[in-house]
Amino acid sequence: MKLWVNGGLHDAETARVSVLDHGLTVGDGVFETVKAERGETFALTLHLERLTRSARGLGLPDPDLDEVRRACAAVLEANPMELGRLRITYTGGPSPLGSERGDAGTSLVVALGGTGRRPDTTAVVTVPWTRNERGALTGLKTTSYAENVVALAKARERGASEALFANTVGRLCEGTGSNVFVVVDGRILTPPVSSGCLAGITRALAVRWTGAEEADLPLDVLESADEVFLTSTLRDVQAVHRVDGRELSPAPGPVTAKAMRTFDEHAARDRDPRLGW
């Protein structure tokens, strides 16, 4: 396995960033995960646009997107695989042992890991912790991911693949690494970005391609929704068959099944879609 680290390819066993890198010491970094099928990325441009927005939100210099594209191409060529998770990480670089940044420049790492196709349905659980819709990192895809690690571990303990958060005012927000949609009376609804959720790439494409609507939703909509589904880079559109102790049957339901087909059809036609943000 070869990784791109700060300007070139390296073997995984010898690839190194500084132990004083701000991404390691204080989580001062941003990242993107891009689906790669047989060496071809999906929605790479949208992911790179969000990488830049996240970097700006942290006050980092804009990443050199030409370099990022070269790094992605080099890693994909060096590591051929059927289905992969391409991870782009951009950090504040070597810095003092504190919150202040150093002047050594940023770090860029691109790596690729193999993965399998997700099942058509999954189980989710709600967790007692909340998303802060007014926080300094709200809407940014940062490497400060520990609360997601804790919540996902809780979901795994309960036989689920994802944990869902409310925000501080009790509204449905998002999963640890996914956006959530519900079907109510035939309408596809998803929390707005103002809820504190990440502006997911797959979420945005699903909204455009399926006609879903943004709506402020109470967390307990999960107790009554006709159907529930998740979206993310590696899930695409994935039906939910259980929320906590509630079974949803059939899963995927008819609206979700149509959304899954619609997403797959559009994604097959355009591997680098644009949204005009």
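A quick note: this is a predicted structure, and the numbers were derived from the prediction, not measured.

Asker: Is there a simple way to explain helix α5 (residues 201-210) in this structure?
Answerer: Because each turn of an α-helix spans 3.6 residues, side chains separated by three or four positions end up pointing in the same direction. Counting buried residues in α5 gives seven out of 10 residues, a clear majority hidden from the surface. Taken together, the buried positions of α5 are occupied by Ile-201, Thr-202, Arg-203, Ala-204, Leu-205, Ala-206 and Trp-209. Downstream of α5 by a residue or two, Gly-211 has a phi angle that is positive, lying close to 80 degrees.

Asker: What exactly am I supposed to notice about the pattern of salt bridges here?
Answerer: A pair can form between side chains of opposite charge whenever their charged atoms are brought close. Scanning the model with the defined rule gives 17 salt bridges in all. Between Glu-32 and Arg-50 there is a salt bridge; the shortest N-O distance is 2.7 Å. One end of the pair, Glu-32, is in strand β3 (residues 29-37); the other, Arg-50, is in helix α2 (residues 44-58), with 18 residues separating them in the sequence. Residue Glu-32 is classed as buried on the basis of its relative accessible area, which comes to 0%. Two residues, Arg-38 and Glu-82, come together in a salt bridge whose shortest N-O distance is 2.8 Å. Taken as a pair, Arg-38 in the loop between β3 and β4 (40-41) and Glu-82 in the loop between α3 (65-78) and β5 (83-91) lie far apart in primary sequence, 44 residues in all. The same class applies to Arg-38 and to Glu-82, which are both exposed.

Asker: Which parts of the structure should I look at to understand the sheet that holds β4?
Answerer: In a beta sheet, neighbouring strands are held together by backbone hydrogen bonds and run either parallel or antiparallel to one another. Pairing is antiparallel in the open sheet, where six strands are placed in the order β2-β1-β6-β5-β3-β4. Unpaired on one side and paired on the other, β2 (8-11) and β4 mark the two borders of the sheet. Across nine bridges, β3 lies against β5 in antiparallel orientation. Bridged to Thr-33 within β5 is Arg-87. Most of the contacts of α2 go to β3, to which it runs at about 175 degrees, and overall it touches β3, β4 and β5.

Asker: Looking at this model, I keep getting lost on the nonpolar core. Mind explaining?
Answerer: The tendency in soluble globular proteins is for nonpolar side chains to be buried as a group. One finds Trp-4, Cys-72, Leu-86, Ile-88 and Val-110 to be the most contacted residues of the largest nonpolar core, which totals 23 residues. Only β3, α2, α3, β5 and β6 (107-114) provide two or more residues apiece to this core. For this core, the element with the highest residue contribution is α3, accounting for six residues. In this structure, Phe-42, Ile-188, Phe-229 and Leu-275 belong to the second largest nonpolar core, which totals 19 residues.

Asker: I would appreciate a short explanation of the packing of aromatic side chains in the present structure.
Answerer: Any two aromatic rings considered together are summarised by their centre-to-centre distance and by the angle between their planes. All told, the structure shown has four aromatic pairs when counted by the stated rule. Look at Phe-31 and Tyr-145: their rings are 5.2 Å apart centre to centre, the planes differ by 85 degrees, and that puts the pair in the edge-to-face class. Separated by 114 residues along the polypeptide, Phe-31 in strand β3 and Tyr-145 in the loop between β7 (121-131) and α4 (146-157) bring together distant segments of the chain. For Phe-31, a relative accessible area of 4% gives the class buried. Between Phe-42 and Phe-263 the ring centres are 6.3 Å apart and the planes differ by 70 degrees, which places this aromatic pair in the edge-to-face class. Residue Phe-42 is found in the loop between β4 and α2, and its partner Phe-263 is found in helix α6 (residues 254-269); the two are separated by 221 residues along the sequence. In this pair, the class of Phe-42 matches that of Phe-263, namely buried. A network of ring pairs unites the aromatic residues Phe-42, Trp-209 and Phe-263 as a single cluster. Over the ring of Phe-42 we find Lys-35, and its NZ or CZ is 5.7 Å from the ring centre. Sitting over the ring of Phe-31, Arg-87 keeps its end group 3.8 Å from the ring centre.

Thresholds, definitions, all that
Counting restarts for each chain: residues are numbered from 1 in the order of the written sequence. With the structure being a predicted model, the display of local features is reserved for residues of pLDDT at least 70 and the display and counting of side-chain atom pairs for 80 or more, all residues being used for whole-chain, interface and lining totals. In computing side-chain properties, one takes all heavy atoms of the structure into account and sets aside hydrogens as well as water. Exposure classes here rest on a 1.4 Å probe applied to the protein chains alone. A residue is buried below 20% of its type maximum, exposed above 50%, and partly exposed in between. Put simply, DSSP marks the helices as runs of H or I at least four residues long and the strands as runs of E at least two long, and each gets a number from the N terminus on. Between Lys or Arg on one side and Asp or Glu on the other, a salt bridge is scored when a side-chain nitrogen of the former is within 4 Å of a carboxyl oxygen of the latter. Pairing between two strands requires that DSSP report at least two bridges joining them. Should any heavy atoms of two residues lie within 4.5 Å, those residues are counted as being in contact. Inter-axis angles, ranging from 0 to 180 degrees, are taken between N-to-C directions of lines fitted to C-alpha atoms, where helices are fitted over the stretch in contact. Among the buried residues, those of types Ala, Val, Leu, Ile, Met, Phe, Trp, Tyr and Cys that are joined through side-chain atoms within 4.5 Å form a nonpolar core. Any pair of Phe, Tyr and Trp rings, taking the six-membered ring for Trp, is counted once the centres come within 6.5 Å. Such a pair is stacked with planes under 30 degrees apart, edge-to-face with planes over 60 apart, and tilted for the rest. Whether a charge sits over a ring depends on NZ of Lys or CZ of Arg being within 6 Å of the ring centre and within 35 degrees of the ring normal.

Limitation: the analysis is restricted to geometry and does not speak to function.
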